[in-house]
Amino acid sequence: MEPLLKVTGLQKHFPIRKGLLQRQTGAVKAVDGLDFEVYPGETLGVVGESGCGKSTMGRLITRLLEPTGGKIEFQGTDISHLGVSGMRPLRRDVQMIFQDPYGSLNPRHTVGSIVSAPFKLQGVEPEGGVKKEVQRLLSLVGLNPEHYNRYPHEFSGGQRQRIGIARALALKPKLVVADEPVSALDVSIQAQVVNLLDDLQDELGLTYVFIAHDLSVVRHVSDRIAVMYLGKIVELADRKSLYESPMHPYTRALMSAVPIPDPRRKGVKSERILLQGDVPSPIAPPPGCRFHTRCWKATDLCRTQEPPLLELRPGQRVACHHPENAEGLTIPEPRESV
Ligand code: SF4
Ligand code: MG
């Protein structure tokens, strides 16, 4: 199957400028070489601590940001550097749901005008008229279609996120990038919104990139999961492999923070791993493996040579010199650095 989205060597460095002449003195390497694909109909979960570059990645693949390196292909077309007019058709196909349902809805606009804004932007006249289509979208996301004349403050947090979802679906997109869509919501509401997204996926054949800061949120909805650390993917695997036999030490540490419903589940090491220290600065990431300053398995090799992301088991890619759960596997020798 051809991927809907293919990302190769994706990079976003934000220059840091100082002084009167605004000379560049360095760069924040927010996203520093990502390779992954997203297949039609799947959900790719993307997980990592704040500052790992996952939101920047989301803004790159929706082209709200332009990459400083690498390539983004959507349905086989290179969209990495398209300008406003080149991006216009893509704006229909790729939509984003934002983290903050409060900040992302204009408080002075009615729900009707918020949800119908994409029609105006794209010059689309929905069949049956705008009002009817807005009402259809509101019922689709579980809101009362008669409430199109209300304002965002009249809704709860969960309902506001439903409004954001209705707006994102207005143009019938193929790919929806959801950037921490539930992390601003009460825990009791989170599952409802996640389940709604899951139901909408089945109903509308959507493809998701679902960004979250911990593994518990994406657990039930992701087909595959990418774990990010300091601008890189350290592990990418199908859900079962990732949860049952995580291979990157960082994944294992994140996993150990997720409550395990069945402690008898085989292969899951359940002791809590508390990572020492903070995430290093993305301005000057550590040499070698970026995780070595916090990894309990780090060796001299880790401190000097960056481990490439390699497929160590079918469907499981890992960037680590000494992976976990690797019994019986041959780990390729590190290549000479060039
Ligand atoms: Fe830890 Fe070394 Fe693997 Fe990095 S490469 S995660 S430092 S064992
Ligand atoms: Mg699903």
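Residues numbered from 1 in each chain as written. Chains lettered and ligands numbered in written order. Predicted model: local features only at pLDDT ≥ 70, side-chain atom pairs only at ≥ 80, totals over all residues.

**Let's talk about the overall build of the protein**
This is how it is decided: The numbering of helices and of strands both runs from the N terminus, where a helix is a DSSP run of H or I of at least 4 residues and a strand a run of E of at least 2. Both definitions apply: the radius of gyration is a C-alpha atom measure, and the globule rule equals 2.2 Å times residues to the power 0.38. Put plainly, a residue is buried at 20 or more neighbouring C-beta atoms within 10 Å of its own, exposed at 12 or fewer, and partly exposed in between, counting only other residues' C-beta atoms, which are placed from the backbone. Working definition of a contact: two residues with C-beta atoms, positioned from the backbone, lying within 7 Å.
For the protein, the helix and strand inventory stands at 10 helices and 12 strands. A globule of 338 residues ought to have a C-alpha radius of gyration of about 20 Å, and the protein, at 21 Å, matches this closely. Overall, the C-alpha framework of the protein stretches about 65 × 60 × 40 Å when taken along its three principal axes. Every one of the 338 residues in the protein was classed for burial, and the buried ones make up 40%. Sequence separation of 24 or more characterises 63% of the internal contacts of the protein that already satisfy a separation of 6 or more.

**Overview of unusual backbone geometry**
Phi at Q22 is positive, roughly 55°, even though this residue is not glycine. Secondary-structure assignment places Q22 in the loop between strand 1 (5–18) and strand 2 (23–38). Looking at Q22, the number of C-beta atoms within 10 Å reads 9, which means it is exposed. Positive phi, normally seen in glycine, also occurs at E180, with a value near 45°. By the element assignment, E180 lies in the loop between strand 7 (175–179) and helix 6 (187–204). For E180, a count of 20 C-beta atoms within 10 Å translates into the label buried.

**Things to note about the site of ligand 1**
Put simply, the rule reads: By convention here, the C-beta atom is placed from the backbone, and a residue is near a molecule or strand when that atom is within 6 Å of it. For this scheme, ten residues count as nonpolar: Ala, Val, Leu, Ile, Met, Phe, Trp, Tyr, Cys and Pro. Four count as charged, namely Asp, Glu, Lys and Arg, and the remainder, Gly too, count as polar.
Neighbouring residues of ligand 1: 13 residues in total, closest C289, H292, C295, C302 and C320. Per-class residue counts for the shell around ligand 1 are eight nonpolar, four polar and one charged.

**What about the packing of helix 3 (residues 111–122) against helix 5 (residues 157–169)?**
Here is the rule we go by: Axes, fitted as lines to C-alpha atoms, cover a helix only where it is in contact. Angles between the N-to-C directions of the axes lie from 0 to 180 degrees. Angular relationships are summarised with four words: roughly parallel below 35 degrees, roughly antiparallel beyond 145, roughly perpendicular across 65 to 115, and oblique for the angles in between. By convention the crossing between two helices is left-handed if the near helix lies anticlockwise of the far one by an angle smaller than a right angle, and right-handed if it lies clockwise.
Where helix 3 contacts helix 5, the two axes come as close as 7 Å, and the packing angle between them is 30°. As summarised for this structure, helix 3 and helix 5 are arranged roughly parallel, according to the angle between their axes. Two packed elements cross with a definite hand, and for helix 3 against helix 5 that hand is right-handed. Contacts from V111, I114, V115, A117 and P118 in helix 3 reach I163, A166 and R167 in helix 5. Class assignment of the residues belonging to the contact of helix 3 with helix 5 gives a composition of seven nonpolar, no polar and one charged.

**Digging into helix 1 (residues 54–61)**
In terms of burial, helix 1 is a largely internal element, seven of the eight residues being buried. Within helix 1, burial applies to K54, S55, T56, M57, G58, L60 and I61. Where helix 1 terminates, the next one or two residues include R63, which has phi positive at roughly 55°.

**What about the sheet that holds strand 2?**
Just so we agree on the cut-off: Think of it this way: DSSP has to see at least two bridges between two strands before they count as a pair.
Strand order in the open sheet made by the four strands is 2-1-4-5, with antiparallel pairing throughout. Since the sheet does not close on itself, it has two edges, and those belong to strand 2 and strand 5 (77–78), each with one partner. Examined bridge by bridge, strand 1 and strand 2 share 12 bridges and lie antiparallel to one another. Across the sheet, the residue bridging to L5 is V38, located in strand 2.

**Focus on the UniProt feature "domain: ABC transporter" (unreviewed entry) in the protein**
Heads up, the condition is: UniProt positions are given in the numbering used here, feature names are shortened, and annotations may be inferred rather than shown by experiment.
Within this numbering scheme, the UniProt entry marks residues 5–255 as carrying the feature "domain: ABC transporter" (unreviewed entry). As annotated, residues 5–255 has a helix share of 35% and a strand share of 28%, and its two end C-alpha atoms lie 27 Å apart.

**Some remarks on helix 4 (residues 130–140)**
The following threshold applies: This arc is taken over the directions from the axis of the helix to the C-beta atoms.
Where helix 4 is concerned, the buried positions are V134, Q135, L137 and L138. Considered in projection along helix 4, the buried side chains sweep an arc of 160° and stay on one side of the axis. Exposed and oriented more than 90 degrees from the buried face of helix 4 are K132 and S139. Just downstream of helix 4, G142 is the residue with a positive phi angle, here 85°.

**Side note on the sheet that holds strand 11 (residues 310–313)**
Spatial ordering of the open sheet is given by 6-7-8-3-9-10-12-11, a layout of eight strands whose pairing is mixed. The outermost strands of the open sheet, each flanked by one partner alone, are strand 6 (94–97) and strand 11. Here the strands of the sheet are splayed against their neighbours by 25° on average, with no regard to which way each runs. Sheet topology places strand 3 (residues 43–47) next to strand 8 (residues 207–212); five bridges connect them, and they run parallel.

**Concerning the pairing of strand 1**
The sheet contact formed by strand 1 and strand 4 (residues 69–74) spans five bridges and is antiparallel. Directly across from T8, in strand 4, lies its bridge partner K71. Between the end of strand 1 and the start of strand 2, which pair antiparallel, lie four residues, with G19 showing a positive phi angle near 80°.

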